[in-house]
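What follows is the residue order along each chain.
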Amino acid sequence: MGTTSLSGKDFAAATQAAGIVLVDFRDAGSGSSRAFAQVFDAAAQRHPDLRFTTVDLPAEPALAAAVGVKRAPSLMVFRDGVPVFAEPGWLPEDSVELLIATIRGLDMVAVRETFPAPVHRR
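Residues numbered from 1 in each chain as written. Predicted model: local features only at pLDDT ≥ 70, side-chain atom pairs only at ≥ 80, totals over all residues. Heavy atoms only, no water.

J.: Help me out: how do you make sense of the overall build of the chain in this one?
T.: Assigned secondary structure in the chain consists of five helices and five strands. Order of helices (α) and strands (β) in the chain, N terminus to C terminus: β-α-β-α-β-α-β-β-α-α. Taken over 122 residues, the chain has a buried fraction of 39%. At a minimum sequence separation of 6, the contacts of the chain that also span at least 24 residues come to 70%. Per element, the accessible surface of the chain, about 7000 Å² overall, is 57% carbon and sulfur. The positive charge centre, built from 12 side chains, and the negative charge centre, built from 14, are 7 Å apart in the chain. (Helix = DSSP H or I, 4+ residues; strand = E, 2+ residues; numbered from the N terminus. Buried < 20%, exposed > 50% of the residue type's maximum accessible area, 1.4 Å probe, protein only. Contact = heavy atoms within 4.5 Å. Areas by Shrake-Rupley, 256 points an atom, 1.4 Å probe, with all protein chains shown as cover. Lys, Arg positive; Asp, Glu negative; His and termini not counted. Charge placed at Lys NZ, Arg CZ, Asp CG, Glu CD.)

J.: Quick question: what am I supposed to make of the packing of aromatic side chains here?
T.: Aromatic ring pairs: the centre-centre distance and the angle between the two ring planes describe each pair. Considering all chains together, one arrives at four aromatic pairs under this definition. Judged by centre distance (6.0 Å) and plane angle (80 degrees), the rings of F11 and F78 are edge-to-face. Within this pair, whereas F11 is found in helix α1 (residues 11-15), its partner F78 is found in strand β4 (residues 74-79), the two being separated by 67 residues in sequence. Here the two residues F11 and F78 agree in accessibility, since each one is buried. Of the aromatic side chains, those joined through ring pairs into one cluster are F11, F25 and F78. (Phe/Tyr/Trp six-rings, centres within 6.5 Å; stacked < 30°, edge-to-face > 60°.)

J.: Where do I start with helix α4 (residues 93-104) in this structure?
T.: Residue pairs three or four apart in sequence face the same way in an α-helix, which turns once every 3.6 residues. The first and last C-alpha atoms of α4 sit 17 Å apart over 12 residues, in line with the 16 Å expected at 1.5 Å per residue. Among the residues of α4, those classed as buried are V96, L99, I100 and I103. End-on, the buried residues of α4 take up no more than an arc of 100 degrees, which puts them together on one face. Every exposed residue of α4 that faces more than 90 degrees away from the buried side is listed here: D94 and L98. Packing partners of the buried residues in α4 comprise β2 (20-26), α2 (31-46), β3 (51-56), β4 and β5 (82-88). (Expected span 1.5 Å × (residues − 1). Arc of directions from axis to C-beta.)

J.: Is there a simple way to think about the sheet that holds β4 in this case?
T.: Across a sheet, paired strands are connected by hydrogen bonds in the backbone, their directions being either parallel or antiparallel. In spatial order, the strands read β1-β3-β2-β4-β5; together these five strands make up an open sheet with mixed pairing. The open sheet has two edge strands with one neighbour each: β1 (3-6) and β5. Strand after strand, the sheet turns through a mean of 25 degrees between neighbouring axes, direction not considered. Taken strand by strand, α4 contacts β2, β3, β4 and β5, and its axis lies near 20 degrees from that of β4. (Pairing = 2+ DSSP bridges. Axes fitted to C-alpha atoms, helices over the stretch in contact; angles between N-to-C directions.)

J.: Whenever I open this one, the pattern of salt bridges confuses me. Can you help?
T.: For side chains bearing opposite charge, pairing can occur when the charged atoms are close. Under the defined criterion, the tally for this structure stands at six salt bridges. Close ionic contact of D24 with R26 constitutes a salt bridge, the shortest N to O distance being 2.6 Å. We note that D24, like R26, is buried. With a shortest N-O distance of 2.7 Å, R104 and D49 are connected by a salt bridge. Of this pair, R104 sits in helix α4 while D49 sits in the loop between α2 and β3, and the two are 55 residues apart along the sequence. Residues joined in a network through salt bridges with shared partners are D24, R26 and D41. (Salt bridge = Lys/Arg side-chain N within 4 Å of Asp/Glu carboxyl O.)

Right, dumping it as structure tokens:
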């Protein structure tokens, strides 16, 4: 399936969707970001059942600030709308594969019990 680009307008809807969504915050001017882009894009080809997305960090500073991303590359992963991973820096291919396997194996009932959604009070 490949990767799709996200903006501040569609980020929430994309990351709240069912399934696993990986988000690579990129900066084309960063060598490490370009290196991770190759790993990320290759993983997208190996896992067509997952949603691989990218955010152009310099073009989306408000989105980056809202989700706490300060540098590229940074990777966030959501499963069934729950953020389950967020780290700056790039990962080698074997680490991306291990991360995907770990997230596939998560017991989401237990995750939701351990980390319930925050209660919004008025």
